[in-house]
Amino acid sequence: MFLMSTGKLDPTMPPEGEARPTLEELEILATWIDQGAVGPAGDAPMKITLRTPEVQSNKNIVDPFTAIAISDDGSKRAIGSFGRVQILASNGDLIREWKDLSGKVNSLQFNRKGDSMLVATGLTGAYGTATIYSVSDGELTQELLGHRDVMSVARYSPDESTVATAGYDRVIKLWDVATGKTLRELKGHNGAVFDVAYSPDGKVLASASGDATVKLWDVNTGDRIDTLSQNQGEVYSVEFTRDGKFIAACGADNRLRVWRLRSVNQSITNPIVVTRFVDESPLVDLAFSNNGRWAAVVSQSGRVKLLSTDSWNPTSELKAVDDTPTNVVFDPSDTFVWITLISGKVVQRELPKSNPNIVERSKEVEPIYLNLGEMVAISENDAMKNPPLRKSVEITGSISQPNETDSFRFQAKAGEVWAIDADPADKSLLDPIITIHDGRDHRVLRTRLQAMRESYFTFRGKDSSQVDDFRVFNWEDMQLNEFFYSSGEVSRLWMHPRGPDSGFKVYPGEGKRWTYFGTSAVTHSLNEPGYVVRPLSSGEQPTANGLPVFEVYYENDDDPTRQKGTASRLIFKAPRDDIYTVKIRDTRGEGGGAYQYRLQIRASEPSFNASMTKPNAVLRKGTGREFVVRVDRMDGFEGPVTFDIQNLPDGLHSNFPIVVEAGQRFAVATIWAGEQATLESKINPAISGSATILGRHVERSVGETGELKLDDRPSVIPSIHPVDHDSSEVEDWTVKVRRGETVSARVKLRRIEGFNQEVSFGKEDSGRNTSHGVYVDNIGLNGLLVLSGENEREFFLTADPSATPGRRTFFLTAAVDGGVTTHPITVEVLP
């Protein structure tokens, strides 16, 4: 502006023939710029009229429709455009019209009776205004003028005593409707505020902003009670669910995010519940149905998606609109939605006749577990010659020629669960792969996987064994226990990245990577595409979200649980009565006399084996020793396994019984010795594991810990205490944490014999024996560390939304004296 005014930059200003600024005026302008070009302050701006040339537009041009509202009884709808609002009857007849409003109409809302209309508009760079009109006589009943730029939204409170307004000046104002006076201003956003919403009880206000955040405000005090900052772009729309339990928002990053509302009376964490990729283009607006079952989302591309509020999964894609939408609302009947378009149209889109929350499951069959007696050994030739097998058999054979495939038929009824095991014989060169075909020789479909969010590998690729440092694009949108598909392999997310230089851990969290749906582990390259996927139920139609659907067949190369190396393992549930064929070949297409195999076709017998790593044999008084118990799962067994200890004398304590949770691989135990403990004889405790499988109690002996001894000389005695007071070092107190929230506690050190070194309690694995999804948070680069010369540190426990509610023992292990543990406490996860 200054360079144009001085004639040093084209186009020079003012235009030729007009008087130029004087030197004094230019000095004033330069001083204002040097001072930061500060905008006007003081009282609220006054309404002004722009003195600009009137340019007549083409008569065929239709003004964009920018806002729509429906009265509660459905008898009236309001449509806004530039400078104009129309009130229409349900049959489309014009009831009322207001013209010459100040600029574009950005939001409209009827009051509950439908006899008043709240309009948000304003003049760019000058002011924003909310006006309330009487629908019956058209009179202006209230004007709320106070924003310094265009007002983007105005909303009645649930009791209609106040109005919340916001706009491009980044300020939110609460107004008293009766007097027109400002009650309070809410400041804190660093970008334009595009939308606001009241909670159904009127206590909390949510605001969506161009600064990529949603903020929550206490309506009574004006205090900000939380900032929801997971979004990666401008947030255009925010709404509370009808029951007030959740907040949903969407915007420029193409995703819908949902948080559980906790901050009602105090500032506490409002956990994110889900992130859903909805469309390849920015999401313009969202609305909830009046019955609360569905959310409708419109995108810049013109797509209209319907999501279930039960699962937050897309259930339907309505017919796309032919231009960019600006606003969407449900008709009070919940049978269709109204959408305004930039082309100056208002369109309807009918909702599916059937409830889109109900998924057709008629083709699902319940599993049937067979008792086929002892396994029978049979030769390759006999197995091929005989009728279809109806018993458990072990077939010995070979792939005698390159590219040869051996086939064996068996008869199965719908729902029967069979196990197919293919092992190379001793010293065999075979790397087997097995596939199941139906009676028409078609591969049998196991499941379809709907891609929900797209990603790719960043930083580096992964070999076929790694479980850690899965660095993937858009990891912030991924949740624990979600399935990740890439190049035919399905892995599962086990632990969130725990620092600035880390990635996901995938199941089982240690050892070699597990795979799911019978897929086999493969190597992944840098930038290789990947997708968060969910399995579709039988008969369920995939959502047209622009992302692929992957078909997974009954086929396996390497054991999904990695217990059997290159051997192949499949659990097959017959989808219908049929004669099926197991086909076996060499993965590389090789063959010859040295390519022998043992193939078992048998009834599935879900079970487990149990093991442990033995603890350090020397117990130091006042501390404990940790050790790990593990479960090897067989034939698809996913249930919990409980471990217990026998022969532990009174002088020692443990956190048994401990549970390896459903689907997990391990749990962590501790044996702890009090400071007054004595051992009168040699001790060698025994460990066992048990589970309920198909209604039967199954127990496995794990073995003995080895002979334990006592030592009087610990260097440090660590203990866990509440954050606000000291407890006994041996007290089993309980810390409670809700899913999606974080609580804190303290670890304290009692240093012995002048020991003054720093003490580490680990990094991402510093919390021992937590429920899956509960972890020590905010660990930084150095993990949980008590520095030299210090004796305590606060630490934080976070429970992921996926964590299972319940009680579980918890302790910390210090990297001192070969690893010494605290006395265990209890962590209770609340819903």
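Residues numbered from 1 in each chain as written. Predicted model: local features only at pLDDT ≥ 70, side-chain atom pairs only at ≥ 80, totals over all residues. Heavy atoms only, no water.

(A) Broad picture of the overall build of the protein chain. Along the protein chain, the regular secondary structure elements total three helices and 63 strands. The principal-axis extent of the C-alpha atoms belonging to the protein chain is close to 100 × 80 × 60 Å. In the protein chain, buried positions account for 54% of the 831 residues. Partitioning the intrachain contacts of the protein chain with sequence separation of at least 6 by distance along the chain shows that 60% fall at a separation of at least 24. (Helix = DSSP H or I, 4+ residues; strand = E, 2+ residues; numbered from the N terminus. Buried < 20%, exposed > 50% of the residue type's maximum accessible area, 1.4 Å probe, protein only. Contact = heavy atoms within 4.5 Å.)

(B) Broad picture of the sheet that holds strand E51 (residues 696–704). Here we have four strands laid out as an open sheet, ordered E48-E46-E50-E51, and antiparallel in their pairing. Bordering the open sheet on either side are strand E48 (658–660) and E51, each of which pairs with just one other strand. Between one strand axis and the next, the sheet turns through 25° on average, direction left out of account. Here five bridges tie strand E46 (residues 641–646) to strand E50 (residues 686–693), and the two strands are oriented antiparallel to one another. Bridge pairing links Phe643 to Gly689 in E50. (Pairing = 2+ DSSP bridges. Axes fitted to C-alpha atoms, helices over the stretch in contact; angles between N-to-C directions.)

(C) Local environment of the pairing of strand E35 (residues 489–495). Most of E35 sits inside the fold, with six of its seven residues counted as buried. Sheet topology places strand E34 (residues 483–486) next to E35; four bridges connect them, and they run antiparallel. Bridge pairing links Tyr485 to Val490 in E35. Adjacent in sequence and paired antiparallel, E34 and E35 are bridged by two residues, among which Ser487 carries a positive phi angle near 50°. Looking at chain direction, E35 and strand E36 (residues 505–506) are connected through two bridges and run antiparallel. Note that in E36 the partner of Met495 across the bridge is Lys505.

(D) Representation of the pattern of salt bridges within the structure. If you walk through the whole model with that rule in mind, you get 42 salt bridges. A salt bridge links Asp438 to Arg576; the nearest nitrogen and oxygen atoms lie 3.0 Å apart. With Asp438 in the loop between strand E32 (432–437) and strand E33 (445–456) and Arg576 in the loop between strand E40 (568–573) and strand E41 (578–586), the pair connects residues that are 138 residues apart, well separated along the chain. With its nearest N and O atoms 4.0 Å apart, the salt bridge here joins Asp817 to Arg620. Of this pair, Asp817 sits in the loop between strand E61 (813–814) and strand E62 (820–821) while Arg620 is found in strand E44 (residues 618–620), placing the two residues 197 residues apart along the sequence. Overall, the relative accessible area of 19% leaves Arg620 in the buried class. Ionic contacts of the salt-bridge type, sharing partners, join the residues Asp279, Glu280, Arg303, Lys305 and Glu317 into one network. (Salt bridge = Lys/Arg side-chain N within 4 Å of Asp/Glu carboxyl O.)

(E) Quick peek at the sheet that holds strand E30 (residues 406–412). A sheet is described by the order of its strands in space; here four strands give the open sequence E30-E41-E32-E39, paired in antiparallel fashion. This sheet does not close on itself; its edge strands, each paired only once, are E30 and strand E39 (555–556). Strand direction decides the pairing type here: E30 and E41, joined by seven bridges, are antiparallel. Across the sheet, the residue bridging to Gln411 is Ile579, located in E41.

(F) Representation of the confidence of the model for the protein chain. Confidence along the protein chain averages 91 in pLDDT terms, with 96% of residues attaining 70 or more. Contacts from residues 355–362, a stretch scored under 50 in pLDDT, to residues over four places away or in other chains number 18 contacts. (pLDDT = per-residue confidence, 0-100.)

(G) Focus on helix H2 (residues 23–34). Taking 1.5 Å of rise per residue, the twelve residues of H2 would be expected to cover 16 Å, and the 16 Å separating its terminal C-alpha atoms lies within 8% of that figure. Positive backbone phi, approximately 105°, marks Gly36, located one or two places after H2. (Expected span 1.5 Å × (residues − 1).)

(H) Structural detail: unusual backbone geometry. In the segment running from Tyr507 into Pro508, the intervening peptide bond is cis, with an omega of 10°. With respect to the helices and strands, the residue Pro508 is situated in the loop between E36 and strand E37 (529–536). Phi at Asn481 takes a positive value of approximately 75°, unusual for a residue other than glycine. Assignment of secondary structure puts Asn481 in the loop between E33 and E34. Not every positive phi belongs to a glycine, and Asn647 is a case in point at roughly 70°. Looking at where Asn647 falls in the secondary structure, it is placed in the loop between E46 and strand E47 (652–654).

(I) How the structure looks around the packing of aromatic side chains. Tallied over the full model, the rule gives 24 aromatic pairs. With centroids separated by 6.0 Å and ring planes inclined at 85°, the aromatic side chains of Phe410 and Phe572 adopt a geometry described as edge-to-face. Here Phe410 is found in strand E30, whereas its partner Phe572 is found in strand E40, with 162 residues between them in sequence. Cluster of aromatic residues (ring-pair linked, three or more members): Phe410, Trp418, Tyr554, Phe572 and Tyr580. The lysine or arginine in question, Arg700, covers the ring of Phe608, its NZ or CZ lying 5.4 Å from the ring centre. (Phe/Tyr/Trp six-rings, centres within 6.5 Å; stacked < 30°, edge-to-face > 60°. Lys NZ or Arg CZ within 6 Å of the ring centre and 35° of its normal.)

(J) Highlighting the pairing of strand E14 (residues 204–209). A large share of E14 lies buried, amounting to six of its six residues. Side chains Val204, Ala206 and Ala208 project from E14 onto one buried face, and the interleaved Leu205, Ser207 and Ser209 project onto a second face that is buried too. Sheet topology note: the strand E13 (residues 193–198)/E14 ladder contains five bridges and is antiparallel. Bridged to Tyr198 within E14 is Leu205.

(K) Quick peek at the nonpolar core. Core analysis: the biggest nonpolar cluster contains 29 residues, and Ile395, Phe410, Phe572, Leu599 and Ile601 have the highest contact counts within it. Only strand E29 (393–398), E30, strand E31 (417–424), E32, E40, E41 and strand E42 (596–603) provide two or more residues apiece to this core. Broken down by element, the residue count for this core peaks at four residues, all from E42. Excluding residues that lie within four positions of it along the chain, Ile601 makes contacts with Leu389, Lys391, Ser392, Val393, Ile395, Phe408, Phe410, Trp418, Ala419, Ile420 and Val582. Residues Phe761, Leu797, Ala803 and Val816 belong to the second largest nonpolar core, which totals 28 residues. (Core = buried A, V, L, I, M, F, W, Y, C linked by side-chain atoms within 4.5 Å.)

(L) A look at the side chain of Thr809. Structurally, the position occupied by Thr809 is in strand E60 (residues 806–810). A polar atom in the side chain of Thr809 sits 3.2 Å from the side chain of Asn655. At a separation of 2.9 Å, a polar atom in the side chain of Thr809 contacts the side chain of Asn769. Apart from the residues within four sequence positions on either side, Thr809 is in contact with Asn655, Ile658, Arg768, Asn769, Pro824, Ile825 and Thr826. (Polar contact = N/O pair within 3.5 Å; in protein donor to acceptor, adjacent residues only side chain to side chain.)

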